[in-house]
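# Geometric and topological summary
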Amino acid sequence: MQTIDLSKVGLRETNKMLQDQSADTNQTSWEIVNPRGSHAIACGLDAPIEVTIKGSTGYYCAGMNQQATVNIHGSAGPGTGENIMSGKIVIEGDASQYLGATGQGGLIVVKGNASSRCGISMKGVNIVVQGNIGHMSAFMGQSGNLVVCGDAGDALGDSCYEARFFVRGKVKSLGADCIKKEMREEHITLLRNLLDEAGIDADPNEFSRYGSARQLYNFHVDNAGAY
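Residues numbered from 1 in each chain as written. Predicted model: local features only at pLDDT ≥ 70, side-chain atom pairs only at ≥ 80, totals over all residues. Heavy atoms only, no water.

## Observations regarding the domain arrangement of the protein chain
Structurally, the protein chain comprises domain 1 (1–96) and domain 2 (109–227). Summing both sides of the interface, domain 1 and domain 2 together bury roughly 720 Å²; the carbon and sulfur share of this comes to 48%. Here domain 1 is connected to domain 2 by 1 salt bridge. Its salt-bridge partner being Glu 92, residue Lys 111 comes within 4.0 Å of it at the nearest N-O pair. Counting across the interface, domain 1 meets domain 2 through 8 residue pairs in polar contact (both at pLDDT 80 or more). Classifying every residue of the side of domain 1 that touches domain 2 by side-chain character gives 5 nonpolar, 2 polar and 3 charged. (Domains from an automatic or database assignment. Buried area = accessible area lost by both parts, 1.4 Å probe. Salt bridge = Lys/Arg side-chain N within 4 Å of Asp/Glu carboxyl O. Polar contact = N/O pair within 3.5 Å; in protein donor to acceptor, adjacent residues only side chain to side chain. Nonpolar A, V, L, I, M, F, W, Y, C, P; charged D, E, K, R; others polar.)

## Some details on the sheet that holds strand E5 (residues 88–91)
Spatial ordering of the open sheet is given by E1-E2-E3-E4-E5-E6-E7-E8-E9-E11-E10, a layout of 11 strands whose pairing is mixed. Only two strands of the sheet have a single neighbouring strand rather than two, namely strand E1 (2–5) and strand E10 (178–181). Averaged over neighbouring strand pairs, the angle between their axes works out to 15° when direction is ignored. Its contacts with the sheet put helix H2 (residues 11–19) on E1, strand E2 (29–33) and strand E3 (50–54), and the angle it makes with E2 is roughly 170°. (Pairing = 2+ DSSP bridges. Helix = DSSP H or I, 4+ residues; strand = E, 2+ residues; numbered from the N terminus. Axes fitted to C-alpha atoms, helices over the stretch in contact; angles between N-to-C directions. Contact = heavy atoms within 4.5 Å.)

## Digging into the environment of Arg 214
Positionally, Arg 214 belongs in the segment after strand E11 (208–212). On the accessibility criterion, Arg 214 (46% relative accessible area) is partly exposed. Placed 200 residues apart in sequence, Arg 214 and Thr 14 show a C-alpha to C-alpha distance of 45 Å. Non-local contacts of Arg 214, meaning those with residues more than four positions away in its chain, are made with Glu 162, Asp 177 and Lys 181. (Buried < 20%, exposed > 50% of the residue type's maximum accessible area, 1.4 Å probe, protein only.)

## Remarks on the environment of Ala 76
Structurally, the position occupied by Ala 76 is in the loop between strand E4 (69–72) and E5. Residue Ala 76 is classed as buried on the basis of its relative accessible area, which comes to 7%. Placed 69 residues apart in sequence, Ala 76 and Asn 145 show a C-alpha to C-alpha distance of 20 Å. Once residues within four sequence positions are removed from consideration, Ala 76 is found in contact with Thr 57, Ile 91, Asp 94, Ala 95 and Ser 96.

## Here's the deal with the packing of aromatic side chains
To describe a pair of aromatic rings, you give the distance between the ring centres and the angle between the ring planes. Scanning the model with the defined rule gives 1 aromatic pair in all. Where Tyr 59 meets Tyr 60, the ring centres are 6.0 Å apart and the plane angle is 40°; that geometry is what we call tilted. Given a relative accessible area of 37%, Tyr 60 falls into the partly exposed group. (Phe/Tyr/Trp six-rings, centres within 6.5 Å; stacked < 30°, edge-to-face > 60°.)

## Quick word on unusual backbone geometry
Although it is not a glycine, Met 136 adopts a positive phi angle of roughly 60°. With respect to the element layout, Met 136 can be found in the loop between strand E7 (123–129) and strand E8 (143–148). The phi dihedral of Arg 214 falls on the positive side, at around 60°, and the residue is not glycine.

## Let's talk about the nonpolar core
Ile 133, Leu 146 and Phe 165 are the most contacted members of the largest nonpolar core, which has 43 residues in total. Those elements giving two or more residues to this core turn out to be E2, E3, E4, E5, strand E6 (107–110), E7, E8 and strand E9 (164–167). For this core, the domains that each give at least three residues are domain 1 (1–96) and domain 2 (109–227). With 14 residues, the next largest nonpolar core counts Val 128, Phe 166, Ile 200 and Phe 207 among its residues. (Core = buried A, V, L, I, M, F, W, Y, C linked by side-chain atoms within 4.5 Å.)

Structure follows, in structure tokens:
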């Protein structure tokens, strides 16, 4: 394992070392100590490496991730996993707002709670939260899956397209054009696979599914008040 002390090496050099790893690197395991809430740690990675951050992080940790697995042994600041393309991010603590914003692929797992706008404008990313999520989560969610083992705040899925939302607890309110939907067998199978991949022990039969009513795809004068 390669160990980097961020307090000594510095953020720019740390990210450069990680970004320089190629697809065939033999330096596949990295540990970052003393992160001290620094911003943009492990951004722009594009190799099948595993990075473990020993502590909490600031803004945009693991943004634009491809292929890499990033483990955060603490809580994560706003925009963690922003525009993730592939790979996996695991947050042992809580996640701040707009987790996984515009994410196009990969998996983000939160062992604690996630704040507001979780999965905003998600475009294919899978997000699994063991706790609760805040208001306006998955606003304009286009595709992908948001799994919430706890409760969801106000305006879940506001103005969403084809993203799917699975919530085990209560939903405070649904956003514009988001409705509760039938939980069919294919959704049970999908949810079971996501929970297994996230390492979370939960019964998929206890979840409800939500998604788009498909009434806002095109402008209609009778719906003007909802735009």
